[in-house]
Amino acid sequence: MADSPMYYGGKSSGPKYYGSAKGPQYYGGRAYGGMGYGAYGQSGTYGAPAGGSDGSIVGTITLGRMFRVISQRWLSVFVFLLVGLVVAFAVYRISPTVYEAQSSFTMDMRRSSAGTGRSVDQIMPDYGNTYAEIFNTRIPDWRSDKIVTRIVQQYRANHPSSTITDEEIISTLGSSQLELQRNSRIITITVRSGTPALAAALANAYAEAIENFTDEENKLRCDKAVSQIHGNVEKRRREVDKIAKQLLDFRTANKVDNLRSMRETIQQGLSKTTGDLLALETTETQLIEWEKLLTEVQKDPESFGNLSSGVPRAEEIAKEYRQFQDDSGTYSSLLVAFTDNHPEVMMAKKKLDLSRQRFLDAVSRALLTGRSTLQVTRNQLGNLRIKQEDLRNELASVEQRIVLAESGLGQLEAEFKVANNVLEGLIMDENKARMDAEANNEIVRLAKMANVPSKPVLPNPMMIFGAGIMASIGLGLLFVLVMDNLEDTVVNLSDIEGRLSLKVLAVLPHVRRKKREQVARFMVEDKYSQFSEVVAGLRNLLDSPRYESMSKCMLIISTQPGEGKTITSASIAISYAQTGKRTLLVDFDMRRPRMAKVWGVELTKETSFSHVMQGADPENLPDFGKLVKETSVPNMSVICSLPPEGVNPATILGSKIVPEFLEWAREHFDKIIVDSPPFGLVGDVVTLATLVDSAIIMCCPDRTHFKPIQYCSRCLSEAGATILGVVVNDVEVSSQAAFSPSRHHGGGYHKGYYGYGGYGGYGYGYGYGYGYGPNHKKKQAGGDAAQTTEEAESKKTELADEE
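About the thresholds
Residues take numbers from 1 onward in each chain, read along the sequence in its written order. Local features are withheld for residues below a pLDDT of 70 in this predicted model, meaning they are given only at 70 or higher, and side-chain atom pairs are given and counted only at 80 or more; totals for whole chains, interfaces and linings count all residues. Calculation of side-chain values draws on the structure's entire complement of heavy atoms; hydrogens and water are dropped beforehand. Per the convention used, a helix needs a DSSP run of H or I reaching at least four residues, while a strand needs a run of E reaching at least two, with both numbered from the N terminus. Relative accessibility under 20% of the residue-type maximum defines a buried residue, over 50% an exposed one, and the middle range a partly exposed one, all with a 1.4 Å probe and only protein chains included. Residue contacts follow a heavy-atom distance rule, with two residues in contact if any of their heavy atoms lie within 4.5 Å. Where helices are involved, their axes are fitted lines through C-alpha atoms of the stretch in contact, as for all axes, and angles between N-to-C directions lie from 0 to 180°. Our angle categories are set so that under 35 degrees counts as roughly parallel, over 145 as roughly antiparallel, 65 to 115 as roughly perpendicular, and the remainder as oblique. Three classes are used: nonpolar for Ala, Val, Leu, Ile, Met, Phe, Trp, Tyr, Cys and Pro, charged for Asp, Glu, Lys and Arg, and polar for all others, with Gly counted as polar. Ring pairs are drawn from Phe, Tyr and Trp, using the six-membered ring of Trp, whenever the two centres fall within 6.5 Å, and their geometry is named by plane angle: stacked under 30 degrees, edge-to-face over 60, tilted for the rest. Strand pairing follows a simple DSSP-based rule, namely that at least 2 bridges must link the two strands. Residues grouped as a nonpolar core are buried Ala, Val, Leu, Ile, Met, Phe, Trp, Tyr and Cys residues, joined through side-chain atoms within 4.5 Å. In this scheme, a crossing is called left-handed if the near helix is turned counterclockwise away from the far one by less than a right angle; it is called right-handed if the turn is clockwise. Distance and chemistry together define a polar contact, namely a pair of N or O atoms within 3.5 Å, with one atom able to donate a hydrogen and the other to accept it when in protein, and with adjacent residues in sequence counting only for side-chain atoms on both sides. Only residues whose relative accessible area exceeds 30% and that form no salt bridge enter a patch; like-charged residues are grouped when within 9 Å of one another, and nonpolar side chains (Val, Leu, Ile, Met, Phe, Trp, Tyr) when within 5 Å. Only the protein chains shown count as cover for residues, with accessible areas throughout obtained via the Shrake-Rupley method and a probe of 1.4 Å. We count a salt bridge whenever a side-chain nitrogen from Lys or Arg sits within 4 Å of a carboxyl oxygen from Asp or Glu. To estimate how far a helix should extend, the number of its residues minus one is multiplied by 1.5 Å.

## Focus on the overall build of the protein chain
Counting its secondary structure elements, the protein chain contains 25 helices and twelve strands. Expressed as a percentage of the 803 residues in the protein chain, the buried residues total 42%. Taking as baseline every contact in the protein chain between residues at least 6 positions apart, the subset at least 24 positions apart corresponds to 80%.

Following this line, the structure appears as structure tokens:
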């Protein structure tokens with residue numbers, strides 16, 4: 001249980017009633033529905049169903065329902081997901097590996113040189129559609145058998161050693177694609193194959209074949225358009241070739257080219273000879289000057305000065321002269337100090353004479369060498385002058401022959417020039433006409449070669465597993481929605497208010513008590529518990545102006561045993577008694593009476609309600625006041641029954657004594673709460689519901705079925721009974737929600753569930769009510785065992801609560 005009181009609608013720091021945080025508000029008001037009670041229409045009456053089945057197999061699909069169903073059956077969705085992943089993995093493993101290669105080529109239009117002079121882009125207003133139309137027009141040709149044959153030939157030319165057969169190539173090309181890229185002139189060729197190298201090779205061969213095919217088509221079309229001009233060009237070209245041949249024959253016969261070559265050779269030789277002659281003359285002049293200088297030095301050594309490096313033996317002469325100068329200086333210095341007969345002076349004199357002689361010898365050798373060189377130079381000059389004269393004579397003869405030959409060659413060259421100019425003009429006209437003819441031709445050029453793909457495009461794991469996941473999740477959601485729609489168990493508020501179109505009056509939280517007597521008197525023990533506050537809220541709702549006239553005598557109904565009907569009726573009676581109202585709790589469940597045990601009342605047949613009613617005479621009514629037993633709760637009384645031995649409840653409820661009893665109870669008590677038998681197992685409830693002011697139907701999540709409660713509501717309504725709504729019982733209330741829709745199907749009931757543990761022995765051989773089957777019987781048979789287990793668990797829970 002929660003530590004602080006909680007009313008239906010959420011956690012509160014103070015008293016909070018249904019539908020409002022500020023004060024009490026009642027059904028039909030604006031705030032109703034704000035705390036989870038459903039909604040009213042504009043007229044204030046309970047609105048149309050907000051959810052539930054729309055007649056389809058999956059029911060109405062809403063976001064809230066999707067979240068609820070997924071949270072309840074997530075394991076089923078997960079199983080579908082696993083199956084989808086396994087199937088996707090199997091598909092991925094068995095799918096063949098396919099590689100994709102892409103090459104591309106550009107498609108352009110030639111620019112027109114005639115007319116307006118505008119390009120195709122300027123002439124055609126819709127640029128994108130223009131090229132798209134061209135592409136769509138050409139695509140049949142590019143997919144034709146002619147292109148396929150060219151592709152095979154191009155592939156064979158690029159890969160002569162390939163062992164791929166033509167049939168395999170044609171089969172691979174069958175799945176190829178040509179695509180014009182958006183807002184561009186680029187066309188992409190996509191080829192897929194199990195061999196990456198083959199895919200790339202065929203993509204490239206495809207692009208090359210289209211380029212060659214388009215060029216050939218353009219050329220043939222243009223050649224046809226300029227065929228007449230081309231004939232004139234060819235005729236003029238033959239004439240030019242004829243003149244060129246005559247010119248060549250004339251040059252060959254007269255050897256004009258040889259003469260010109262000979263003239264150039266003679267001119268080059270004459271130029272070289274003249275240059276050599278001038279160089280030797282210069283050398284001769286220098287040698288003459290050196291001879292004069294050396295002759296003067298022989299006569300007077302003192303007159304020797306500097307010699308150029310070109311003088312023969314210049315270094316040797318210079319060396320001897322420097323030695324002579326040194327010895328002369330030494331001798332002169334000794335003469336100053338000594339006389340001529342002094343030994344040192346005489347020694348120096350001899351050394352000086354020896355140096356002078358060596359110097360003169362060096363000069364003599366140099367003079368001899370220079371004269372020999374001068375003689376050789378003069379001989380060479382004579383030979384060169386003779387050669388020069390010969391070359392001049394030969395050059396004059398050749399030039400005379402050339403003049404004679406060029407006189408006839410000039411006429412032929414003039415004729416050749418005129419004919420060639422005419423030919424060039426015709427070629428220009430042909431080219432112009434060809435350009436005009438090609439103005440609307442497309443130009444195809446290879447833009448990008450395909451590379452050998454390294455990764456396959458198929459199987460695509462992202463696509464396969466993504467599709468597997470999406471399909472499995474979709475199938476899983478469809479499965480759980482169908483199962484949720486087909487399942488006949490109440491799960492949350494939307495199931496009640498939407499599918500059953502019944503108002504939810506209150507949601508009673510789960511109470512961790514094991515015995516019925518403890519739960520029935522729980523409000524007496526703890527007035528401020530969460531359970532007590534919710535029951536108090538239900539009481540306030542029933543006392544509201546909307547329900548006050550219908551809540552004096554109320555019947556508490558359940559569609560099957562174990563839904564807390566007895567506990568709820570006792571709790572409502574206690575709540576009314578605590579407000580000071582005289583309250584009577586009547587146990588009309590005569591086949592399995594519980595109230596005597598709950599309140600510890602000792603009964604005899606004279607004070608047993610069922611026995612007294614069985615023997616009562618409508619004409620002579622018994623004293624009903626003797627049946628009333630006071631309880632430990634102030635202002636609260638109960639009327640109980642003994643086990644039905646010798647009593648026929650159906651006979652009692654069908655007699656006139658029951659209306660008389662209820663009339664008596666209305667006169668003596670402020671509130672009458674009637675605990676009825678479960679609807680469906682016996683037919684007493686319909687009769688009893690028409691005698692009271694209103695009826696409240698009990699419901700347990702994961703236990704109450706739709707069909708029995710729908711049948712109950714329809715039967716009571718057809719009988720004229722007033723149904724106030726539904727009280728949802730035994731709900732685990734968290735701090736955020738009083739009735740969480742996330743409870744899982746098949747989760748069973750809580751260990752502390754306080755319903756009828758074993759209700760299988762109800763009545764005297766009555767069959768199962770509407771909507772019950774063998775599964776329900778199994779639950780009844782196991783009731784005692786479950787109750788024994790619950791008692792063991794109860795001790796553990798109580799010890800835990802005390803701790």
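## Thoughts on the packing of helix H1 (residues 63-72) against helix H12 (residues 461-486)
Interhelical geometry of H1 versus H12 gives an angle of 95° and a closest axis separation of 10 Å. Between H1 and H12, the crossing angle belongs to the class labelled roughly perpendicular. For the pair H1 and H12, contact is made by Arg65, Met66, Arg68, Val69, Ile70 and Gln72 and by Leu477, Val480, Leu481, Asp484 and Asn485, respectively. Residue composition of the contact of H1 with H12, by class: six nonpolar, two polar and three charged.

## So, the packing of aromatic side chains
Counted according to the given criterion, the structure contains 13 aromatic pairs. Each ring, one from phenylalanine 624 and one from tryptophan 664, has its centre 5.7 Å from the other, and the planes form 50°; the classification is tilted. Linking phenylalanine 624 in the loop between helix H19 (609-615) and strand S8 (629-630) with tryptophan 664 in helix H21 (residues 657-668), this pair joins segments that are 40 residues apart in sequence. Ring-pair connections join several aromatic residues into one group, and the members of that group are Phe588, Phe609, Phe624, Phe661, Trp664 and Phe669.

## Thoughts on the sheet that holds S8
Strands sit in the order S5-S12-S11-S6-S10-S7-S9-S8 across an open sheet of eight strands; the sheet is mixed. Of all the strands in the sheet, the pair left with one neighbour each is strand S5 (504-509) and S8. Sheet topology places S5 next to strand S12 (residues 723-731); four bridges connect them, and they run parallel. When the bridges of S12 are listed, proline 509 appears paired with valine 731. Set on the sheet, helix H16 (residues 530-542) makes contact with S5, strand S6 (553-557), strand S11 (694-699) and S12; between it and S5 the angle comes to about 165°.

## Things to note about the nonpolar core
In terms of nonpolar packing, the biggest core is built from 52 residues, with Ile496, Leu555, Phe588, Phe609, Val658 and Phe661 touching the most fellow members. Among the elements that line this core, the one with the most residues is H21, at six residues. Among the nonpolar cores identified, the runner-up in size contains 37 residues, and Ala506, Val511, Val638 and Ile696 belong to it.

## Some details on the packing of helix H8 (residues 227-254) against helix H11 (residues 343-437)
Remark: H8 packs on H11, axes separated minimally by 9 Å, with the N-to-C direction vectors making an angle of 160°. It follows that H8 is roughly antiparallel to H11 by the angle criterion. H11 is crossed by H8, and the crossing has left-handed handedness.

## Quick notes on the pairing of S6
Within S6, five of the five residues are buried, which leaves it mostly tucked inside the rest of the structure. Covered by surrounding structure in S6 are Cys553, Leu555 and Ile557 together with Met554 and Ile556, the residues of both alternating faces. The pairing of S6 with strand S10 (residues 671-675) spans four bridges and is parallel. When the bridges of S10 are listed, isoleucine 556 appears paired with aspartate 675. As defined by bridge partners, S6 adjoins S11 across four bridges and the pair is classed as parallel. If you follow isoleucine 556 over to S11, its bridge partner there is isoleucine 696.

## Digging into the sheet that holds strand S1 (residues 99-109)
Taken together, the four strands give an open sheet; going across it, the order is S2-S3-S1-S4, and neighbouring strands pair in antiparallel fashion. The sheet is open, and its two borders are formed by strand S2 (177-180) and strand S4 (442-448), each paired with just one other strand. On average, adjacent strands in this sheet sit at an angle of 25° to one another, irrespective of strand direction. Strand direction decides the pairing type here: S1 and strand S3 (residues 186-193), joined by eight bridges, are antiparallel. Within S3, the position partnered with phenylalanine 105 by the bridge is isoleucine 187. Across the sheet, helix H7 (residues 196-225) is in contact with S1, S2, S3 and S4; its angle to S4 comes to roughly 155°.

## Some points on the side chain of serine 676
Among the structural elements, serine 676 can be located in the loop between S10 and helix H22 (684-689). Side-chain polar atoms of serine 676 contact the backbone oxygen of isoleucine 556, separated by 2.8 Å. Beyond its immediate stretch of four places on either side in the chain, serine 676 contacts Leu555, Ile556, Ile557, Lys565, Phe588, Asp589, Val685 and Leu688.

## Details of a nonpolar patch on the surface
Together, Ile70, Trp74, Leu75, Phe78, Val79, Leu82, Val83, Val87 and Val91 make up an exposed nonpolar region whose accessible area comes to about 770 Å². For the nonpolar patch, the element with the most residues is helix H2 (residues 74-94), which contributes eight residues. Within the element layout of this structure, leucine 75 appears in helix H2.

## Comments concerning helix H10 (residues 314-337)
When the terminal C-alpha atoms of H10 are compared, their 35 Å separation across 24 residues agrees well with the 34 Å that a helix rising 1.5 Å per residue should span. Listed in full, the buried residues belonging to H10 are Ala314, Ile317, Glu320, Tyr321, Phe324, Asp327, Tyr331 and Leu334. Turning to H10, the residues buried within the fold contact helix H9 (256-299) and H11.

## Notes on the side chain of threonine 377
With respect to the secondary-structure elements, threonine 377 resides in helix H11. Polar side-chain contacts of threonine 377 include one of 2.9 Å to the backbone oxygen of threonine 373. Look past the residues within four positions of threonine 377 in its chain and what remains in contact with it is Leu280, Thr283, Glu284 and Leu287.

## Overview of unusual backbone geometry
Between leucine 458 and the following residue, proline 459, the backbone shows a cis peptide bond with an omega angle of 0°. Despite not being glycine, asparagine 183 has its phi angle at roughly 55°, a positive value. You can see asparagine 183 is positioned in the loop between S2 and S3. A relative accessible area of 70% means that asparagine 183 is categorised as exposed. For aspartate 730, which is not glycine, the phi torsion reads 60° and is therefore positive. Its place among the elements puts aspartate 730 in strand S12.

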